[in-house]
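Listed below, chain by chain, are the residues.
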Amino acid sequence: MDNTLPPADELVLVDRELAQLDTRRSQLLARRAWLIQVLYPPVAAAAPLRPRPPVADSTPRSAQNVLLTLGGTLLTIAAVAFTLVSWGSMGLGARATVLAVVTGAALAAPVALLRRGLVSTAEAVAALGLVLMVLDAYALHRVALPETDGLGYTAVASAVLAAAWTAYGSALSRLRIPLPVAVAAAQLPLPLGVLAAGGGSTAFAWAALLTATADAAVVLWTRPVAVRITAGAAATALGGWALLTGGWLSLVSPWSGAPLLLAGAAVTLYGAWRVPAFAVAASAVAGLAALTAVGGLLRSALPADWAVPGYVLCALALASVWRLGGGAAAGDGVPGPGGNGSAAAGGAASRGAGSDTAVLPPRGIRLGLAGAGAGVAALGLVWALPPVAAGLLGPVARTTDVWSGEHAARAMTSFPATAVLVLAVALAALATLPRLWARCGALVLAWALLTALPVSFELPYAATLALQLFTTAAALWIAVRPGPLTRGLRAVTAPAGHPGAPGTDTPDPHAAPREAGATTPEAPAAASAPTAAGPAAPPVPGPGTPWAAWAPSRPRAQAPAVEPGTALGWTAYVGGLASAVSAVALALDVRGATFAALGVVLALLAGVAVLGTDARRVVSACGAVLAATGLVFAVAATAGFEDHWTALALLLVPAATAGLGSRAPRPVALAVEITGGAVGVLALGIAASRPAFLALALALSGVIAAATAVRPERRRFASWTAAVLFLLATWVRLAVWDVTTPEAYALPVTVPALAVGFLRRRRDPEASSWTAYGPGLAVTLLPSLLAAWTDPEWARPLALGVAALVVTLLGARFRLQALLVLGGAVLALDGLHELAPYVVQAVGALPRWLPPALAGLLLLAVGATYEQRLRDARRLRERLARMR
């Protein structure tokens, strides 16, 4: 029974279904739009953009400023030219009249201009008036007071001008130029007055410091921004000059420079207290000035070798200021709910003056002072590094023969021994800080201290070697067991988004699971309610979130910090390796010390390879292999082995690593075997001078590789390596026997290669004959063909032709493309070689016109049967392509 509808009825049914689908799609789109509007309230629409009028090349205000500036500049030039050039041609009354009239008009005109609202014009005219006042002062000196000292007159004139301009700018507060210019002029009276009075550099520095202090007061207690900027720049320049002069005086005359530096530090520190924004930088400058002053005084009272330790002790004492707020100001500098961190810290410290608790410096000041102390201490550590470098690198820079019993001359013996004290004090300071970076730094300083001790105290050879081995052992032990050093370290706060972080909702493991799609009552409100900052944030995708597929997700939190044990372990491990290398280099002076050092290093590195973790195990295992190699060299040298016997002895190392690799974990095993292989390559290079021993070494290396190939994970690579080594051993042995026949080198490769290809074809009949048999046949046939073409005898070409014929027949019989092509090509070339003399002789006997004629007939024949030849060629190609 056929139930198929007629085409007309089926068309009506399809149209009806499509109409229903369109209706349902419209309903879903409307619902989706409403849901999006609920979840994401639309932001108020911006005002419609109106087409902007074309922008002019310059606005009226900028054009006005340019014109006023040019006009004021021209008038100033004219006034200067009049004063300097035309002054002498006028009488005294005329001069006074001109100056009074022009200057009074220039200073009075801005009053009327400001009443009319012409502020820019008033600024230009006022600037002209200020310049005219300077010219008036110059003219007064030239005419009325020509014998007055120039510096003294300038100091007095600048003070008078500064006061006049201050009064003028205060009276006309709408003018922006007079007050900053008055501040700039106020910088000259004290310094110039000191110079006029014959004061030296110390007095000038004090004058600059007093002027900078006044500038700092202007910055703190005035309101105009231009005045504060000018005063701040002047205070920075003059105060910096004063502090630099004080630093120089602390070197040449500490008791003269210390008061200057301490006064500058006090002023700078007060400014840092009043201006939290610059607290860190200003307090750092104050700390450096105080350290320079106190350190200079100590340096003058202590011996020369104790100068740097004195500075370092003062620096560490200053850096300890940071710990004053360790517990009492835990929230220092951290913004609270609706507060500013730095401002709140400074305010809290200031308000606490009347409470029972001690007044603590704000966080910015403590940070700057601690930074200054830490910087000076770091410079002291840099000064103490040369003995460390000499103790570490001195043995490596060898100047004596190995095992000569002579020791190289000590380096840095004249360096002050107090460098060790600097390292020790810095170590003690860092050890008290419960921070990971401090523990790592303390560990580095402890290693540096032990390394520098032999150089600073000129310890004997045996004690130096013993101390270096002890340093190596201690560092490697800490690298394996860093647990004791991690005690007391503060826990690292979990990053945002991780369980346990502040503001992160950590699910209760004992709470009942929610149903899919269920949300808390607060969740929809929180998701849809807009905040003061703008529309609500998109919902986080999850089981209770509609449209979870397209809702944006929150950014992932950052990865957690490095574990303390890992950081400390790697720090100690690097130091241990460096000390191990230095100890082995130092031990090369004496034979017994060499064996002792290599044995200890081998035992330590082997212990780290067994007990350590992560990449330290791998590196230690490789280092242990190298130490074992050094022991083999030492034993061979002690026994008086020649180079080729030493090479054979070195093969014990890769043999041992092959045995250890079967039991060690995978990363360690691979690294150990690679290092052992490198030692084996070194042994082969040493044995290359004696080919007979080289062949033996290659054969033994092949045995080691073949033994490694027993393991399944190394079978592929080790088996090929063993085959190559055995082949190379065979070739070297043949070369030693003066065998020049290429087949003797090629057949040992061809036979196993063909055997492997035969097995491959038996297991996979679809494998290509080129893959299975091509390499094996080419290794023998091609070198033999080249040898046959240069061989005058008949035996090699005959044998090669017979072999190529057999290969060709086998390829045709079993339909193997590689055998047919290679065998046929070699057979054809071999036959051509044999027939070539006769062909040449026959062609020489023929008339000269006959070869071109035969060539023409051949071309005619080929052209006549061209289509047939093409079909034959295609048929031959298809048959070859069907072969494997």
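Residues numbered from 1 in each chain as written. Predicted model: local features only at pLDDT ≥ 70, side-chain atom pairs only at ≥ 80, totals over all residues. Heavy atoms only, no water.

J.: Give me the overall build of the protein chain: which residues, what numbers.
T.: Summing up its helical and strand segments, the protein chain has 34 helices and zero strands in all. For the protein chain, the proportion of contacts with a sequence separation of at least 24, taken over those separated by at least 6, is 68%. As displayed, the protein chain has an accessible area near 51,600 Å², and 70% of this comes from carbon and sulfur atoms. (Helix = DSSP H or I, 4+ residues; strand = E, 2+ residues; numbered from the N terminus. Contact = heavy atoms within 4.5 Å. Areas by Shrake-Rupley, 256 points an atom, 1.4 Å probe, with all protein chains shown as cover.)

J.: Can you break down the pattern of salt bridges residue by residue, with the values?
T.: In this structure the tally under the stated criterion is seven salt bridges. Close ionic contact of arginine 796 with glutamate 743 constitutes a salt bridge, the shortest N to O distance being 2.9 Å. Remark: glutamate 743 occurs in helix H28 (residues 742-763) and arginine 796 occurs in helix H31 (residues 795-814); sequence separation between them is 53 residues. Among the charged side chains, a salt-bridge network with shared partners connects Glu673, Arg711, Glu713 and Arg714. (Salt bridge = Lys/Arg side-chain N within 4 Å of Asp/Glu carboxyl O.)

J.: Break down the nonpolar core for me, with residues and values.
T.: In this structure, Ala697 and Leu698 are the most contacted members of the largest nonpolar core, which totals 26 residues. With near-sequence residues (within four places) excluded, leucine 698 lies in contact with Leu684, Leu725, Leu728, Ala729 and Val732. Counting 23 residues, the second-largest nonpolar core is a separate cluster that includes Ala572, Tyr573, Ala597 and Leu605. (Core = buried A, V, L, I, M, F, W, Y, C linked by side-chain atoms within 4.5 Å. Buried < 20%, exposed > 50% of the residue type's maximum accessible area, 1.4 Å probe, protein only.)

J.: Residue-level account of the packing of aromatic side chains, with values.
T.: In this structure the tally under the stated criterion is five aromatic pairs. Where tryptophan 645 meets phenylalanine 693, the ring centres are 5.1 Å apart and the plane angle is 70°; that geometry is what we call edge-to-face. Separated by 48 residues along the polypeptide, tryptophan 645 in helix H23 (residues 643-650) and phenylalanine 693 in helix H26 (residues 691-708) bring together distant segments of the chain. Assessed through its relative accessible area of 16%, phenylalanine 693 is described here as buried. (Phe/Tyr/Trp six-rings, centres within 6.5 Å; stacked < 30°, edge-to-face > 60°.)

J.: Describe in detail the packing of helix H30 (residues 774-789) against H31, supporting the description with residues and values.
T.: Put simply, H30 and H31 touch, their axes get as near as 10 Å, and they point 145° apart. Pair H30 / H31 crosses with left-handed handedness. Residues Leu777, Leu781, Ser784, Leu785, Ala787 and Ala788 of H30 lie in contact with H31, whose contacting residues are Arg796, Pro797, Leu800 and Val807. Per-class residue counts for the contact of H30 with H31 are eight nonpolar, one polar and one charged. (Axes fitted to C-alpha atoms, helices over the stretch in contact; angles between N-to-C directions. Left-handed = near helix turned anticlockwise from the far one by under 90°. Nonpolar A, V, L, I, M, F, W, Y, C, P; charged D, E, K, R; others polar.)

J.: Just give me the short version of the side chain of aspartate 589, but keep the residues and values in it.
T.: Locating aspartate 589 in the fold gives a position in the loop between helix H20 (564-587) and helix H21 (591-611). We classify aspartate 589 as buried; its relative accessible area is 4%. Ignoring anything within four residues of it in the chain, the contact list for aspartate 589 reads Arg398, Thr400, Trp403, Ser404, Gly405, Glu406, His407 and Tyr461.

J.: Please give an account of H23 that cites residues and values.
T.: Taken across its eight residues, H23 has six buried, putting it largely inside the fold. If you check which residues of H23 are buried, you get His644, Thr646, Ala647, Leu648, Ala649 and Leu650. Buried residues along H23 sit in contact with helix H22 (614-639), helix H24 (652-661), helix H25 (666-687) and H26.

J.: Explain the environment of alanine 767 to me, and be specific about the residues and the numbers.
T.: As for its position among the elements, alanine 767 is in the loop between H28 and helix H29 (769-772). Between the alpha carbons of alanine 767 and glycine 757 there is a distance of 9.4 Å; along the sequence they are ten residues apart.

J.: Lay out the side chain of aspartate 830 in plain terms, naming residues and giving numbers.
T.: With respect to the helices and strands, the residue aspartate 830 is situated in helix H32 (residues 817-845). In this structure aspartate 830 is buried but unpaired, with arginine 796 as the nearest side chain of opposite charge at 9.0 Å. What aspartate 830 contacts, discounting residues up to four positions off in sequence, is Leu785, Ala788, Pro797, Leu800 and Gly801. (Lys, Arg positive; Asp, Glu negative; His and termini not counted.)

J.: Hey, could you go over a nonpolar patch on the surface for me, with residue numbers and the actual values?
T.: A contiguous nonpolar surface patch, about 460 Å² in accessible area, is contributed by Leu262, Val294, Leu298, Leu302, Trp306 and Leu421. With respect to the helices, strands and loops of the structure, leucine 262 is situated in helix H10 (residues 254-274). (Patch = residues over 30% accessible without salt bridge, like charges linked within 9 Å, V, L, I, M, F, W, Y side chains within 5 Å.)

J.: Before we move on, could you go through the environment of alanine 265 and cite the residues and values that matter?
T.: One can find alanine 265 in helix H10. Alanine 265 gets classed as buried once you look at its relative accessible area, which sits at 8%. Considered as a pair, alanine 265 and leucine 288 are 23 residues apart in the sequence and their alpha carbons are 8.2 Å apart. Ignoring any residue separated from it by four or fewer positions in sequence, one finds alanine 265 in contact with Ala286, Ala289 and Ala290.

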